[in-house]
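Here are the chains, one letter per residue:
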Amino acid sequence: MPDRLDPRFDLSFTLNGAPVETATTTATALADLLREGCGGRGTRLACERAVCGACTVLVDGVPRASCSVFAFEVEGCAVQMIEGLENDGELSPVQAAFADNSAFQCGYCTAGMILLTEALLARDPDPDEAAIRDWISSNICRCTGYSLILEAVRDAARRKRETAP
Amino acid sequence: MTEAPLRNIGRPDRRIDAGEKVSGRAVYTTDIDLPGMLHAKVLRSPHGHARIVSIDASAARAMPGVHAVLTRDETAAIPMPVYGYFIKDQPIVATDKVRYEGDIVAAVAAEDEGTANRALAAIRVEYEPQPVVTDLERASDPDAAELFEEPPVGIVPKYGQGASGELRPRRNVCYRFSYETGPADAFDECDHVFEDVFRFSRMHHFHLEPFVCVADWSRKDRIELWTSCQNPFPLRKEIARIFGLAENRIAVRVPYIGGGFGSKNGCKTEPVALALSRLAGRPVRFCLTLEEGFLTNTQHAAILKVKTGVMQDGMLVARKSEILLDSGAYSDGSPLVAEKAGYRIPGPYRYRRIETDCYCVMTNTAPAGPFRGFGGTQTSWACESQIDMIAHRLGIDPYDMRRKNLIDLGEPFVPGESGMDSDLRAGLDLVVRELGYRRRGGLEDDGPVKRGMGLAIGFKDGGGVNKPALARVKVSTGGDIFLQCGTAEIGQGAHTALSAVVAERLGADRSRVRYMPVDTDHTPFDQGTNASSAISVMGQAVDRAALAARAQILDFAAGVLDCPAEELDLADWEIRRGNEAHPLAPMIMGHFGGTGWEFVGEGFHKAENSHAAPLEAPCVFWEIGWGGAQVAVDTETGLVTVEKLFVTGDAGRAIHPLVCRGQDEGAALMGLSQALFERMIYDGSRLVNGDALTYRVPLADDLPEDFRSVTQEQGHGPGPFGAKGMGEGGMLPVASAIANAIHDAVGVRITELPLSPERVLAALAAKDGG
Ligand code: FES
Ligand code: FES
């Protein structure tokens with residue numbers, strides 16, 4: 001929602017691979033820009049304090065809490081959100097692994113967990129158990145008890161390695 | 001019924017919500033956006049207890065972008081501007097007093113949340129602070145301040161054999177539940193009587209999706225409400241009562257809910273949003289922050305005094321308990337939690353005498369309400385700690401002590417109750433095997449780091465009381481299946497499990513079933529998604545609806561084929577008769593013509609009432625959580641590391657194994673964090689850690705190195721295919737299993753949560769000193 005005290009200015013970045021030209025304000029959080037403006041509503045807001053990671057998106061491949069990143073910070077960056085992971089209606093291997101392992105319950109943390117996993121596997125295609133736990137510990141899931149999420153991450157790594165060219 | 005292997009039951013295939021949830025397309029209430037929608041924010045009390053002398057909202061009303069301001073002046077025109085379960089004591093906005101820090105004083109609807117917040121800052125409120133009540137044990141002292149000088153409207157429900165309730169039994173207590181059975185002199189025959197006191201901490205549910213609703217009351221005689229509420233029909237009734245509207249004028253719609261763990265029931269954001277929407281004549285979105293969530297609903301802190309009489313050989317004889325529940329400033333679900341805590345405190349054991357009083361003590365803190373376990377977490381903590389303490393005092397191994405006293409399969413918990421539907425010893429032995437339970441002293445220590453193991457059995461009556469459930473199954477000409485029932489998908493997997501049941505009964509793949517949106521205008525009545533009741537209660541209604549639809553289909557085909565229906569079977573939308581297969585679609589078109597037909601099956605379930613049962617209906621099923629822990633206690637730092645945690649529940653029949661596993665493991669991790677660190681910290685009436693940064697919830701690296709669960713399928717549940725409910729049991733045994741393991745490791749008994757390093761060190765020092 002634009003704030004009447006705050007004038008708008010232009011912003012350009014790429015979102016899920018496609019260029020975006022939009023206008024925003026200095027006070028707008030990236031999450032709000034994505035949810036209200038251009039992206040879709042898959043980016044979820046919970047704590048809005050950069051703690052829970054529900055709102056995680058990838059900015060130039062790095063997981064960021066979009067609730068606590070200003071929209072203007074992504075000028076010229078590549079932003080990846082959950083809506084951009086599917087390829088022609090096909091789930092990404094990470095999404096498929098989360099679906100097949102029932103690595104979610106309420107689903108509110110799921111977009112963030114999946115993007116976090118995408119970033120981890122882009123960096124380290126074969127992470128060991130400690131690395132997986134460490135990465136997943138940057139986000140909160142209140143429902144699952146994490147075990148099934150950890151299994152989904154291992155499974156996703158396996159799937160990606162198997163399908164890698 | 002067909003003898004063929006089941007095609008939908010017990011299979012770990014993708015949940016029906018998987019595609020939407022992993023792709024980001026799932027719609028929650030937070031995503032609802034209506035044209036012209038305004039945004040609400042509320043002004044909250046900075047005082048724990050104060051009279052409101054005056055409220056001046058004129059500057060806020062005059063601000064551009066502000067469309068409605070709600071204070072006690074406006075709510076005075078609302079027919080019944082208070083809510084609550086048994087006791088209607090919570091005002092939509094404060095009237096004469098505020099009763100906790102965070103109590104809602106005024107609300108604003110504006111073009112955006114920023115404008116609403118600026119308007120709130122312009123509201124002037126003059127308070128006259130009053131002394132606060134925060135100590136559970138002193139709240140009823142004659143000189144304690146009173147939260148309610150006048151008794152709010154309330155009811156005591158009808159109870160059965162041995163149970164009773166009372167409103168306002170003493171100062172600052174809104175409700176008492178009592179239960180007794182057996183001869184009053186049973187303590188006289190005991191060889192030993194042990195009295196112990198346990199303290200239970202308070203958590204917030206910390207559901208990630210905030211409390212949120214979108215309310216549209218822009219047309220005078222029609223309310224449309226989208227809300228993150230697990231009990232849409234009771235909410236509709238409450239809204240009708242508050243605002244004096246007919247229930248058929250109110251549509252409550254429940255999209256996916258982003259977690260609740262008990263909190264998302266009853267009125268939360270809805271009355272404020274509706275009142276604002278009526279004033280503004282526009283739809284209003286009211287979404288709380290996570291910080292406001294802490295101020296809206298919490299678990300009950302508790303003090304549990306347990307007196308147990310026992311024979312020298314470890315046989316339990318009698319238990320008398322007094323429980324004080326910290327209910328916070330408004331009654332919310334507290335009387336219901338009191339019933340359950342009071343009823344469950346004996347644990348799954350056989351006694352000759354049980355006597356319990358449970359009190360809902362009002363304090364100037366956030367309102368407490370339903371929380372996963374629903375009183376059972378508090379009572380399992382006390383009961384399972386004390387069983388171990390008694391075993392040690394008598395020189396009996398805690399495993400043997402439990403085994404000796406557990407209720408048998410089929411044995412009623414108390415007179416008039418339904419029989420135990422799990423083999424409790426089988427579950428305990430499973431824990432012993434999986435954990436590698438060894439009697440005292442069997443584990444290796446590591447210098448100052450000592451190891452120990454502990455067991456516990458959590459126990460609660462599951463499925464709720466007075467829960468009529470209706471379901472409807474429709475099947476179209478082409479065999480597309482519509483499931484209509486009021487169970488909300490809050491993460492527990494109910495939509496998947498219920499759809500699987502329907503598909504199984506209709507000989508179809510689960511993908512043919514669509515779970516229709518929950519909308520009180522169209523969905524058949526249901527009492528709510530709570531008490532682990534989805535599969536055990538609604539499941540029975542859904543099962544009957546599916547069987548009714550199936551019977552109609554077979555009857556129809558029998559008429560067309562001119563044969564008895566008993567000769568026919570239904571599979572893959574064909575009628576099978578011996579080796580013949582008759583596709584249904586052409587048969588239906590041939591008979592009905594036009595655009596075809598829909599078969600509609602209705603199903604109903606309600607547990608029989610019985611005055612012989614203490615809670616007026618025998619328990620639907622018993623939800624049991626068995627657990628075991630191995631800990632390493634660092635005697636120099638007091639740090640407790642849980643090295644192994646094993647939990648197991650009995651699903652009766654696991655409709656979807658991964659869903660069952662996720663329920664037990666998620667619950668167990670909540671229990672683990674409550675045991676070790678997670679709690680709301682109050683300093684007087686001020687919550688000091690009510691935000692995401694300072695309130696610690698468990699992360700993946702808090703998982704014990706060895707963390708496992710097993711879903712038993714003992715097959716005795718009342719639900720379809722023998723299923724029982726899940727979701728709460730896994731939490732119940734964890735804290736006491738860890739406390740018992742600490743005792744096993746270092747010989748100190750901690751009776752207060754959390755089991756923090758400070759407490760362990762203090763207990764060790766006291767032991768050495770003594
Ligand atoms: S909502 Fe952004 S980190 Fe929690
Ligand atoms: S699935 Fe609910 S928070 Fe993770």
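Residues numbered from 1 in each chain as written. Chains lettered and ligands numbered in written order. Predicted model: local features only at pLDDT ≥ 70, side-chain atom pairs only at ≥ 80, totals over all residues. Heavy atoms only, no water.

**Concerning the overall build of chain B**
Right, on to step 1. A tally of helices and strands in chain B yields 17 helices and 34 strands.
Right, on to step 2. Relative to the compact-globule value of 27 Å for 770 residues, chain B shows a C-alpha radius of gyration of 27 Å, a close match.
Right, on to step 3. Projecting the C-alpha coordinates of chain B onto the three principal axes gives extents of approximately 90 × 70 × 50 Å.
Right, on to step 4. Intrachain contacts of chain B at a sequence separation of at least 6 include 79% that bridge at least 24 residues.
Right, on to step 5. Of the charged side chains in chain B, 82 are positive and 104 negative, and the gap between their average positions amounts to 2 Å. (Helix = DSSP H or I, 4+ residues; strand = E, 2+ residues; numbered from the N terminus. Rg over C-alpha atoms; globule rule 2.2 N^0.38 Å. Contact = heavy atoms within 4.5 Å. Lys, Arg positive; Asp, Glu negative; His and termini not counted. Charge placed at Lys NZ, Arg CZ, Asp CG, Glu CD.)

**Digging into the overall build of chain A**
Right, on to step 1. Check the secondary structure of chain A and you find five helices and five strands.
Right, on to step 2. Counting from the amino terminus, chain A carries its helices and strands in the arrangement β-β-α-β-β-β-α-α-α-α.
Right, on to step 3. Taking 2.2 N^0.38 as the reference for a compact globule, 165 residues should give roughly 15 Å; the C-alpha atoms of chain A span a radius of gyration of 16 Å, in line with that estimate.
Right, on to step 4. If you line up chain A on its principal axes, its C-alpha atoms span 50 × 35 × 25 Å.
Right, on to step 5. Look at the contacts in chain A between residues 6 or more apart in sequence, and 55% of them connect residues 24 or more apart.

**A short note on the pattern of salt bridges**
Residue and element names in this part refer to chain B.
Right, on to step 1. All chains considered together, the criterion is met by 79 salt bridges over all chains.
Right, on to step 2. Notably, a salt bridge pairs R15 with E489, separated by 3.3 Å at the nearest N-O pair. Linking R15 in the segment before α1 (18-23) with E489 in the loop between β23 (481-485) and α12 (494-505), this pair joins segments that are 474 residues apart in sequence. In this pair, the class of R15 matches that of E489, namely buried.
Right, on to step 3. Its salt-bridge partner being R44, residue E292 comes within 2.9 Å of it at the nearest N-O pair. With a gap of 248 residues between them, E292 in helix α7 (residues 290-294) and R44 in strand β1 (residues 38-44) connect regions that are remote in the sequence. (Salt bridge = Lys/Arg side-chain N within 4 Å of Asp/Glu carboxyl O. Buried < 20%, exposed > 50% of the residue type's maximum accessible area, 1.4 Å probe, protein only.)

**Notes on helix α5 (residues 147-163) of chain A**
Right, on to step 1. The terminal C-alpha atoms of α5 of chain A lie 24 Å apart, and with 17 residues this matches the ideal 24 Å at 1.5 Å per residue to within 8%.
Right, on to step 2. Taken residue by residue, α5 of chain A has S147, L148, I149, L150, A152, V153, D155, A156 and A157 of chain A as its buried positions.
Right, on to step 3. In this fold, the buried residues of α5 of chain A make contact with α2 (93-100), α3 (110-123) and α4 (129-136) of chain A together with α15 (657-676) and β34 (706-712) of chain B. (Expected span 1.5 Å × (residues − 1).)

**Comments concerning the interface of chain A and chain B**
The extent of an interface is frequently quoted as the accessible surface area lost upon association of the parts.
Right, on to step 1. With 50 residues of chain A at the interface, the matching set in chain B holds 58 residues.
Right, on to step 2. For the pair chain A and chain B, the summed buried surface comes to about 4300 Å²; carbon and sulfur atoms form 54% of the total.
Right, on to step 3. Where chain A meets chain B, there are eight salt bridges.
Right, on to step 4. The residue D31 of chain B makes a salt bridge to R44 of chain A at a minimum N-O spacing of 3.0 Å.
Right, on to step 5. Counting residues per element, the ones that place at least two in the side of chain A that touches chain B are α1 (30-38), α2, α3, α4 and α5 of chain A.
Right, on to step 6. For the side of chain A that touches chain B, the leading source of residues is α2 of chain A, giving five residues. (Buried area = accessible area lost by both parts, 1.4 Å probe.)

**Regarding the sheet that holds strand β11 (residues 163-170) of chain B**
All names here are of chain B.
Right, on to step 1. Taken together, six strands build an open sheet; the order of strands is β11-β12-β20-β19-β18-β13 and the sheet is mixed. The open sheet has two free edges, formed respectively by β11 and β13 (192-200), since each of these has just one partner strand. Shown here is a sheet whose adjacent strand axes are inclined to one another by a mean of 15°, direction ignored.
Right, on to step 2. As paired elements, strand β19 (residues 316-328) and strand β20 (residues 353-362) share 10 bridges and run parallel to each other. What sits directly across from S321, in β20, is T356.
Right, on to step 3. Sheet strands in contact with helix α9 (residues 376-394) are β13, β18 (302-310) and β19, and its direction is about 140° off that of β13. (Pairing = 2+ DSSP bridges. Axes fitted to C-alpha atoms, helices over the stretch in contact; angles between N-to-C directions.)

**A short note on the domain arrangement of chain A**
All names here are of chain A.
Right, on to step 1. Examined at the domain level, chain A breaks down into domain 1 (9-84) and domain 2 (93-163).
Right, on to step 2. Centre-to-centre separation of domain 1 and domain 2, based on C-alpha positions: 21 Å.
Right, on to step 3. Around 1100 Å² of area is buried between domain 1 and domain 2 when both sides are counted, 65% of it from carbon and sulfur atoms.
Right, on to step 4. Listing elements by their share of the side of domain 1 that touches domain 2, those giving two or more residues are β3 (56-59) and β4 (62-65).
Right, on to step 5. When residues of the side of domain 1 that touches domain 2 are assigned to their parent elements, the largest contribution, three residues, is made by β3.
Right, on to step 6. Split by residue class, the side of domain 1 that touches domain 2 holds 10 nonpolar, five polar and one charged. (Domains from an automatic or database assignment. Nonpolar A, V, L, I, M, F, W, Y, C, P; charged D, E, K, R; others polar.)

**Structural notes on the packing of α5 of chain A against α15 of chain B**
Right, on to step 1. Two elements in contact, α5 of chain A and α15 of chain B, have axes separated by 9 Å at closest approach and are oriented at 125°. Judged on the interaxial angle alone, α15 of chain B and α5 of chain A are oblique. Residue-level inspection shows S147, L148 and E151 of chain A of α5 of chain A in contact with α15 of chain B, the latter providing L658, R661, G662 and E665 of chain B.
Right, on to step 2. Grouping the constituent residues of the contact of α5 of chain A with α15 of chain B by class yields two nonpolar, two polar and three charged. (Parallel < 35°, antiparallel > 145°, perpendicular 65-115°, else oblique.)

**Comments concerning unusual backbone geometry**
For residues besides glycine, phi is generally negative; the peptide bonds are generally trans as well.
Right, on to step 1. The step from L753 of chain B to P754 of chain B runs through a cis peptide bond, and the omega angle for that step is -5°.
Right, on to step 2. Relative to the helices and strands, P754 of chain B is located in the loop between α16 (734-746) and α17 (757-769).
Right, on to step 3. Even without being a glycine, A50 of chain A presents a positive backbone phi close to 60°.
Right, on to step 4. Assignment of secondary structure puts A50 of chain A in the loop between α1 and β3.
Right, on to step 5. Of the residues examined, A50 of chain A reaches a relative accessible area of 45% and is grouped as partly exposed.

**A few points about the pairing of strand β28 (residues 580-583) of chain B**
The side chains of a regular strand alternate between the sheet's two faces.
Residue and element names in this part refer to chain B.
Right, on to step 1. Strand direction decides the pairing type here: strand β27 (residues 574-577) and β28, joined by four bridges, are antiparallel. In the sheet register, I575 faces β28, and the bridge partner there is H582.
Right, on to step 2. Remark: two residues form the turn of the hairpin made by β27 and β28, two consecutive strands paired antiparallel; G578 in that turn has positive phi of roughly 55°.

**A word on the domain arrangement of chain B**
Residue and element names in this part refer to chain B.
Right, on to step 1. Under the domain assignment used here, chain B contains domain 1 (18-27 + 467-605), domain 2 (32-130 + 208-259 + 263-294) and domain 3 (302-464 + 613-769).
Right, on to step 2. Between the C-alpha centres of domain 2 and domain 3 the distance comes to 37 Å.
Right, on to step 3. Across the contact, 19 residues belong to domain 2 and 24 residues belong to domain 3.
Right, on to step 4. Between domain 2 and domain 3, a total of about 1800 Å² is buried, with carbon and sulfur atoms accounting for 59% of that surface.
Right, on to step 5. Between E101 and R686 there is a salt bridge whose closest N-O contact spans 2.8 Å.
Right, on to step 6. The interface formed by domain 2 and domain 3 holds nine residue pairs in polar contact (both at pLDDT 80 or more) in total. (Polar contact = N/O pair within 3.5 Å; in protein donor to acceptor, adjacent residues only side chain to side chain.)

**Notes on the sheet that holds strand β9 (residues 124-129) of chain B**
Residue and element names in this part refer to chain B.
Right, on to step 1. The strand order β7-β2-β9 describes an open sheet built from three strands, whose pairing is antiparallel. Each edge of the sheet is formed by a strand with only one pairing partner; in this case those strands are β7 (97-98) and β9.
Right, on to step 2. Sheet analysis places strand β2 (residues 50-56) next to β9, joined by six bridges and oriented antiparallel. Bridge assignment links R51 to a residue of β9, and that residue is E128.

**Considerations on the nonpolar core**
Right, on to step 1. By size, the foremost hydrophobic cluster in this structure holds 169 residues, and its most contacted members are F98, I136 and Y146 of chain A together with I738 of chain B.
Right, on to step 2. Here this core takes nine residues from α16 of chain B, the largest share from any one element.
Right, on to step 3. Discounting chain neighbours no more than four positions away, the residues touching Y146 of chain A are M113, I136, N139, I140 and C141 of chain A together with L669, P698, L699, A700 and L703 of chain B.
Right, on to step 4. L38, F211, A215 and A545 of chain B belong to the second largest nonpolar core, which has 90 residues in total. (Core = buried A, V, L, I, M, F, W, Y, C linked by side-chain atoms within 4.5 Å.)

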